[in-house]
Amino acid sequence: MCGISGFNWEDKVLIKQMNQVLEHRGPDGEGIYTNKNISLGHRRLSIIDLSERGKQPMCNEEGTVWITFNGEIYNYNEIRKKLVAKHQFKSDTDTEVIIHAYEEYGEKCLSLFNGDFAFCIYDDNKKQLFLARDRIGVKPLYYYYNGEKFIFASEIKAILECAEVKRELNLEAVNQYFSLRYVAGEKTIFKNIFRVLAGNFIIFNLNNCNLKVNNYWDINFKENDYLSDTNLIKKQLIQHLKDSIQRRLISDVPLGVYLSGGIDSSSIVALMSELKKEQGNKEEIKTFSVGFEKGEHVDELPFAKEVSQMFNTSHKEIFLKAEITKILPKIVWHLDEPLADPALIPVYCLSEKAKKDVTVVLTGDGGDEVFAGYDQYRILTMAQKIKNIPFSNKLSFFMKACPDKVLNKIYKYSSSMGKDSFQKVDSMLTSLKAGNKVKAYYELVSIFNDAERKELLSDSAYHENDYSGLNEQYFNNKTNYLNQLLNFDLKNLLSESFLMKSDRMTLAWGIEGRVPFLDHNLVEFSTKIHPSLKLKGQTTKYILRESLLSVLPKNLLYRKKQTFHVPIENWMTEIDNVLEEKEIKRMGLFNEDFIAKLIQRKNAGNLYYARQKWNLINFKLWYEEYLRI
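Residues numbered from 1 in each chain as written. Predicted model: local features only at pLDDT ≥ 70, side-chain atom pairs only at ≥ 80, totals over all residues. Heavy atoms only, no water.

## Re the nonpolar core
Now for step 1: The biggest cluster of nonpolar side chains holds 190 residues, and the ones touching the most others in it are Phe113, Phe119, Phe178, Phe590, Phe619 and Trp622.
Now for step 2: When residues of this core are assigned to their parent elements, the largest contribution, 13 residues, is made by helix α20 (residues 481-507).
Now for step 3: Leave out the neighbours within four places in its chain, and Phe590 touches Phe178, Leu456, Leu457, Ser458, Ile584, Ile595, Leu616 and Phe619. (Core = buried A, V, L, I, M, F, W, Y, C linked by side-chain atoms within 4.5 Å. Buried < 20%, exposed > 50% of the residue type's maximum accessible area, 1.4 Å probe, protein only. Helix = DSSP H or I, 4+ residues; strand = E, 2+ residues; numbered from the N terminus. Contact = heavy atoms within 4.5 Å.)

Right, dumping it as structure tokens:
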């Protein structure tokens, strides 16, 4: 992948500064193009056509269309064959294919591309900029717009290089962060800095500075057109996944897989192995896994090693200890916005090690959102069914009174979460009864629920979440409830949390991450599968498990799910002191009494409060990095 940037005036000094701050995304080279209308910058991570011919910004034959591009177009050779009769190609890159496809089809060229991308095209004839982000949002793209000046970049930190861009907090986004531990939607944590949403493109007119945001692709669940033949579904699902993996093996540099031992990453290794056998390729698959020192909560390394041995991969493992939290400030710098996902640390460290052997990695991201793999889907769909049963509003009281030994059989990690957390069950059921499905979702998954967030934030910082707007957008009762949940997570949790985690942590070390489960053909196919085949009773990802029986053993596919758990509750003693500094009070965003109460909770084994502390610690570190200037 690469780093891109630009703006609607000429300034060679500023575009070079923006390029420099994105160097980690493209350590293999850089380039700029400027004229009186535009400045474009590019940092290159060489993956396809490693020669100088692939240097960007790149232009067409006449020099009237310029592009700066981040990502990969996996079917670029197929598109190139249709264009080669009309256009003279000077490289073997997918970048040049985008240029000529735009010349031929304009904005409609986006429908041709199968890939993960973010790009900006400058059209000198039309005096416009054309920016686009891929369908699922694998690659990031941000912009600043004040009615006159327009600035874009792969990462917000590059936009902040412009002195005219003020670093002002968007309090609506702050409230969303403390609810969900990430910021989603068009608005970012900074006022006047926005993200291009997945499946969207922008046209910016350089003459009148008019900006238009458009949507070119969306998820559409086939409620009245589900596939009925289960055996056919399984065959087609495997073929779609196999085709997706095949497309993502295109590379002129070494490639590997992040292997957790779970269903998703194991299936990628299994199908890669099958593809290599079919092609007579005897090269070993390189796999990489991460675990924690002995005594930590969950260790998936043995499962990953088992899969590695099964398919004879060249396998490497790394082990993390609590002191690894000292790298948190570096991670926060790479993120631009606060993101309190503890898995950032293992992905960052794994990428550092993997870079010694590979430049491209395939990951299992997206399998849970596409095929319904999370506990929240089981819990919410069950709650929706029992919400009107008279005893349902007493469920949390039962949970509080229930012995941990019994409760742990009902809900994983319950004893470590603390029974105070089961107040969320009441709130969730109450919200469902009132038809407020988004609030029910928030109450279940939130780090700070509405009541806690109101205690946490000062009166001036607290904002109510826009549940009515989100209900209308995602939970309008026109589709199956599980499909509504999947749609919400695909567009929010996945695109702006998990995929951004992967993008930032891999590119921190100059590695390109690819996600076979998020090929848009596979995602579109998944919408034709009845939700009862994704979540069957209490079995998550049922149809995926059944489909993979042809390539993986049943005991692996149906072993008890072990959510990848970073043991932050055991790490709190290493970083608790971060919260005790006076800086957190000087922000003026928090109620000091609540902060003091949270700090006093020293129970390192309590995951519920550890998650809240982790959320606050990450925000404090982010604030110090980006707003204390």
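## Focus on the pairing of strand β9 (residues 150-153)
Now for step 1: Side chains Phe150 and Phe152 project from β9 onto one buried face, and the interleaved Ile151 and Ala153 project onto a second face that is buried too.
Now for step 2: Direction of pairing for strand β1 (residues 3-7) relative to β9: antiparallel, over a ladder of three bridges. Bridge pairing in β9 links Gly6 to Phe152.
Now for step 3: Where strand β8 (residues 142-145) folds back on β9, the antiparallel hairpin that results is connected by four residues, among which Gly147 adopts a positive phi of roughly 100 degrees. (Pairing = 2+ DSSP bridges.)

## A few points about the sheet that holds strand β2 (residues 29-35)
Now for step 1: If you walk across this open sheet you meet the six strands as β2-β3-β1-β9-β8-β10, and the pairing is antiparallel. Pairing within the sheet leaves two strands with one partner each, and these edge strands are β2 and β10 (193-195). Recorded for the sheet is a direction-independent mean angle of 15 degrees between the axes of neighbouring strands. (Axes fitted to C-alpha atoms, helices over the stretch in contact; angles between N-to-C directions.)

## What to know about the side chain of Ser179
Now for step 1: Within the secondary structure layout, Ser179 lies in helix α5 (residues 171-180).
Now for step 2: Every residue in contact with Ser179, bar those within four places of it in the chain, is listed here: Tyr442, Val445, Ser446, Ile447, Phe448, Arg453 and Asn465.

## What to know about the environment of Asn281
Now for step 1: Relative to the elements of secondary structure, Asn281 occurs in the loop between α7 (263-278) and β14 (286-292).
Now for step 2: For the pair Asn281 and Arg133, spaced 148 residues apart in the sequence, the C-alpha separation amounts to 34 Å.
Now for step 3: Among the polar contacts made by the side chain of Asn281, one reaches the main-chain amide nitrogen of Glu283 at a distance of 2.9 Å. (Polar contact = N/O pair within 3.5 Å; in protein donor to acceptor, adjacent residues only side chain to side chain.)

## Concerning the packing of helix α12 (residues 375-386) against helix α16 (residues 423-433)
Now for step 1: Where α12 meets α16, the closest approach of the two axes is 10 Å, and the angle between their N-to-C directions is 60 degrees. Classified by the angle between their axes, α12 and α16 sit oblique to one another. As for the relative orientation of α12 and α16, their crossing is right-handed in sense. On α16, the residues that touch Ile379, Leu380, Ala383, Gln384 and Ile386 of α12 are Met428, Leu429 and Leu432.
Now for step 2: Tallied by class, the residues present in the contact of α12 with α16 amount to seven nonpolar, one polar and no charged. (Parallel < 35°, antiparallel > 145°, perpendicular 65-115°, else oblique. Left-handed = near helix turned anticlockwise from the far one by under 90°. Nonpolar A, V, L, I, M, F, W, Y, C, P; charged D, E, K, R; others polar.)

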